[in-house]
Amino acid sequence: AGATPLTVGASLVGEALDTGGAGPAVCPVPFERARYYSVSVPANTVVTVSGSVQVSLAALDTCAATVCAGSALSTGASVSVQLRNGGMAARTFIVAAGATGATPATMSLSATSVPLVPNDACSGASSAMPGTPITGESLVAGGAPLAVCQPATGTPESRARYYGFS
């Protein structure tokens, strides 16, 4: 049996948590049992896979991946992982979803998408003029923030957009 397709824009409701196998060992989240889903991410798009309460999610490039592409552990709220495809062709990711312990008997998953933005990396910074406000830009499709820009204390930023000023 292969991974169950999870289509962008659709939801899977009532997925049984009492079935499944071992979770991926390469990701730092616990699984009692995991079910696997394939998600096709269009070119230049970020897809957010969201899971219901008390679910772990782990994203992998392939079933044989040796590195975790992203993970999330529910601690009483719904969770999500982002699948980023900056390439020119669609790319399939594998998402493991499963129970984190004493959980409900079923889970729900959904997948939504937004296009990547050109300034999601420092090398693609958008030009901005000093004194001109930048408003209404979503961070959902932003890239990974530079480590040097993370706060010394508090919660680190998860997404960033880059701007150059002259």
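Residues numbered from 1 in each chain as written. Predicted model: local features only at pLDDT ≥ 70, side-chain atom pairs only at ≥ 80, totals over all residues. Heavy atoms only, no water.

Could you clarify how one ought to interpret the sheet that holds strand E3 (residues 34-41) in this entry?
Hydrogen bonding along the main chain pairs the strands of a sheet, whether they run parallel or antiparallel. Strand order in the open sheet formed by five strands is E1-E3-E8-E5-E6, and the pairing between neighbours is mixed. Two strands bound the open sheet, and with one partner strand each, they are strand E1 (4-5) and strand E6 (70-73). Here E3 pairs with strand E8 (residues 91-99) via eight bridges, running antiparallel. Note on E8: the bridge partner recorded for Tyr37 is Val95. (Pairing = 2+ DSSP bridges. Helix = DSSP H or I, 4+ residues; strand = E, 2+ residues; numbered from the N terminus.)

Before we go on, may I ask you to explain the state of the cysteines in this structure?
Working definition: the covalent bond between the sulfur atoms of two cysteines is a disulfide. The tally for this structure, following the rule as stated, stands at one disulfide. Residue Cys27 pairs covalently with Cys68 via a disulfide, S to S 2.1 Å. In this structure the cystine formed by Cys27 and Cys68 twists about its S-S bond by roughly 105°; its chirality is therefore right-handed. You can see Cys27 sitting in the loop between strand E2 (11-16) and E3 and its partner Cys68 sitting in the loop between strand E5 (55-60) and E6, a full 41 residues away along the chain. (Disulfide = S-S within 2.5 Å.)

It is not clear to me how the environment of Ala96 should be interpreted in this structure. Could you clarify?
Secondary-structure assignment places Ala96 in strand E8. By relative accessible area, which is 0% here, Ala96 ends up buried. Separated by 93 residues in sequence, Ala96 and Ala3 have C-alpha atoms that sit 9.0 Å apart. Excluding anything up to four places from it in sequence, Ala96 contacts Pro24, Phe31, Ala34, Arg35, Tyr36, Ser56, Leu57 and Ala58. (Buried < 20%, exposed > 50% of the residue type's maximum accessible area, 1.4 Å probe, protein only. Contact = heavy atoms within 4.5 Å.)

I would appreciate a short explanation of the sheet that holds strand E7 (residues 79-85) in the present structure.
Within the open sheet, the four strands sit side by side as E2-E9-E4-E7. Their pairing is antiparallel. The sheet is open, and its two borders are formed by E2 and E7, each paired with just one other strand. Looking at each pair of strands side by side, their axes are set apart by 20° on average, direction ignored. Here E2 runs beside strand E9 (residues 106-115); their pairing, made up of four bridges, is antiparallel. Within E9, the position partnered with Glu15 by the bridge is Met107. (Axes fitted to C-alpha atoms, helices over the stretch in contact; angles between N-to-C directions.)

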